[in-house]
Amino acid sequence: MTKNYIPTINISSLIKNNFETLSALKTIKEIEKACVNIGFFQVTGHGLNLKEINKICGIGNKFFNLSDSKKKKLSPKKWNKKNNNLYRGYFPNDVNGKEGLDIGDLKITKKYSSKTRNQYIEYLDLNKCFNKTSIEALNKYFENIYNLSETLFKSVIKLNKLDPNISNKAFSRLKTLSTLRFNYYPNQTKPVEISKQDGVALGCETHVDSGIFTVLYQDKKGGLQVQNRKTKKWYNVPFNKKALVVNTGRALEFLSKGKFKATNHRVLWNKSKRLSIPFFFEPSYDFKMNKSFLNSKRYLNKGQIYEKFLNQSLKKFIEYQR
């Protein structure tokens, strides 16, 4: 296995959302190449402070070290009958070998959620498990990683010589189905799955993601692998404390007419604890998925809404069988 299979791209030229400079255009071409050939890349120069990332890891680890009864205060109805939430919240590790916490946009209030009446726009009362400082840090991280993800999406729009600001048609903060997830892999006594392809023991099954991009921080345990689409070989995504890992999802594959394919990835069975923090960058629930969006100056505002597209995609994931 080679470390160099996953390219590392310095995206500092894109952070101010000026896509016209020579260095920005060069960076966008590097992103295009990585998306087309591999579907995975790492980004440095992303503007997120390493201290901030470490703080978020600490908040995640502290949460997973709580007692089961405390963690389940944030569980969906399936695991805590007292709660009304079905989509957001904590799921235990007897589901698929890992524990998880799914957080939506922290700007969602209880009032807004009940007014919107959308199955995925749920208010999650984080005060049940987190103090005020932690909630503020989570809010700031969600905002920063959301903005970074949108910058990456705008760079894809720019590739097609369209106005990057049309991303506003697909993404609206209070309507986005984007999810900040904490994945916690405890000391797994046995693998979740043995790969049918190469017999390797896995801690997380082979899958593709649903959204536009996933932007992930993995701790130094590593274990994330990506599959080469042509040779079907697997490659490690190396740990880089300064980098965030980015991969393409099904929604981007759809909107790009298959140019940027959603890519298979998995996590190796790890007998020691591991934390990863993926951010699933997902469009607004009512965004109409139409292939003209990235491919024409005139977007046809019709097609399946993203909520239904996501609904179909989530059926494959056991943790969402709620």
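Refer to the structure presented above.
Residues numbered from 1 in each chain as written. Predicted model: local features only at pLDDT ≥ 70, side-chain atom pairs only at ≥ 80, totals over all residues. Heavy atoms only, no water.

Visitor: Could you give an account of the overall build of the chain, naming the residues involved and the relevant values?
Guide: Helix and strand counts for the chain stand at 8 helices and 15 strands. Relative to its length of 322 residues, the chain is compact, with a C-alpha radius of gyration of 19 Å against a globular reference of 20 Å. For the chain, the spread of C-alpha atoms along the principal axes amounts to about 55 × 50 × 35 Å. Residues counted as buried form 56% of the 322 residues belonging to the chain. For the chain, the proportion of contacts with a sequence separation of at least 24, taken over those separated by at least 6, is 74%. For the chain, the accessible surface area stands at approximately 15,200 Å², while carbon and sulfur atoms represent 50% of it. (Helix = DSSP H or I, 4+ residues; strand = E, 2+ residues; numbered from the N terminus. Rg over C-alpha atoms; globule rule 2.2 N^0.38 Å. Buried < 20%, exposed > 50% of the residue type's maximum accessible area, 1.4 Å probe, protein only. Contact = heavy atoms within 4.5 Å. Areas by Shrake-Rupley, 256 points an atom, 1.4 Å probe, with all protein chains shown as cover.)

Visitor: Outline the pairing of strand β4 (residues 99–103), listing residues and values.
Guide: The buried fraction of β4 amounts to 5 of the 5 residues, a majority that puts the element mostly inside the structure. Where burial is concerned, the two faces of β4 agree: the one with Glu99, Leu101 and Ile103 and the one with Gly100 and Asp102 are both buried. As defined by bridge partners, strand β3 (residues 89–91) adjoins β4 across 3 bridges and the pair is classed as antiparallel. Paired with Tyr90 across the bridge in β4 is Leu101. As paired elements, β4 and strand β5 (residues 179–185) share 5 bridges and run antiparallel to each other. Considered in β5, the bridge of Glu99 is made with Tyr184. (Pairing = 2+ DSSP bridges.)

Visitor: Please give an account of the nonpolar core that cites residues and values.
Guide: Nonpolar side chains in soluble globular proteins generally cluster together in the buried interior. Ranked by internal contacts, the top residues of the largest apolar core, which has 75 residues, are Phe130, Tyr141, Phe153 and Phe293. Among the elements that line this core, the one with the most residues is helix α5 (residues 132–159), at 13 residues. Among residues more than four places away in sequence, those in contact with Tyr141 are Leu48, Glu52, Ile53, Ile56, Leu180, Tyr217, Leu244 and Ile277. Counting 12 residues, the second-largest nonpolar core is a separate cluster that includes Ile6, Tyr185, Leu216 and Leu224. (Core = buried A, V, L, I, M, F, W, Y, C linked by side-chain atoms within 4.5 Å.)

Visitor: Explain the packing of helix α2 (residues 50–64) against α5 to me, using residue names and the numbers behind them.
Guide: Where α2 meets α5, the axes come as close as 10 Å, and the angle between the chain directions of the two elements is 125°. Taken together, the axes of α2 and α5 lie oblique to each other. For the pair α2 and α5, the sense of crossing is left-handed. On the side of α2, the interface is formed by Glu52, Ile53, Lys55, Ile56 and Ile59, while α5 contributes Ser134, Ala137, Leu138, Lys140, Tyr141 and Asn144. Its residues assigned to classes, the contact of α2 with α5 shows 6 nonpolar, 2 polar and 3 charged. (Axes fitted to C-alpha atoms, helices over the stretch in contact; angles between N-to-C directions. Parallel < 35°, antiparallel > 145°, perpendicular 65-115°, else oblique. Left-handed = near helix turned anticlockwise from the far one by under 90°. Nonpolar A, V, L, I, M, F, W, Y, C, P; charged D, E, K, R; others polar.)

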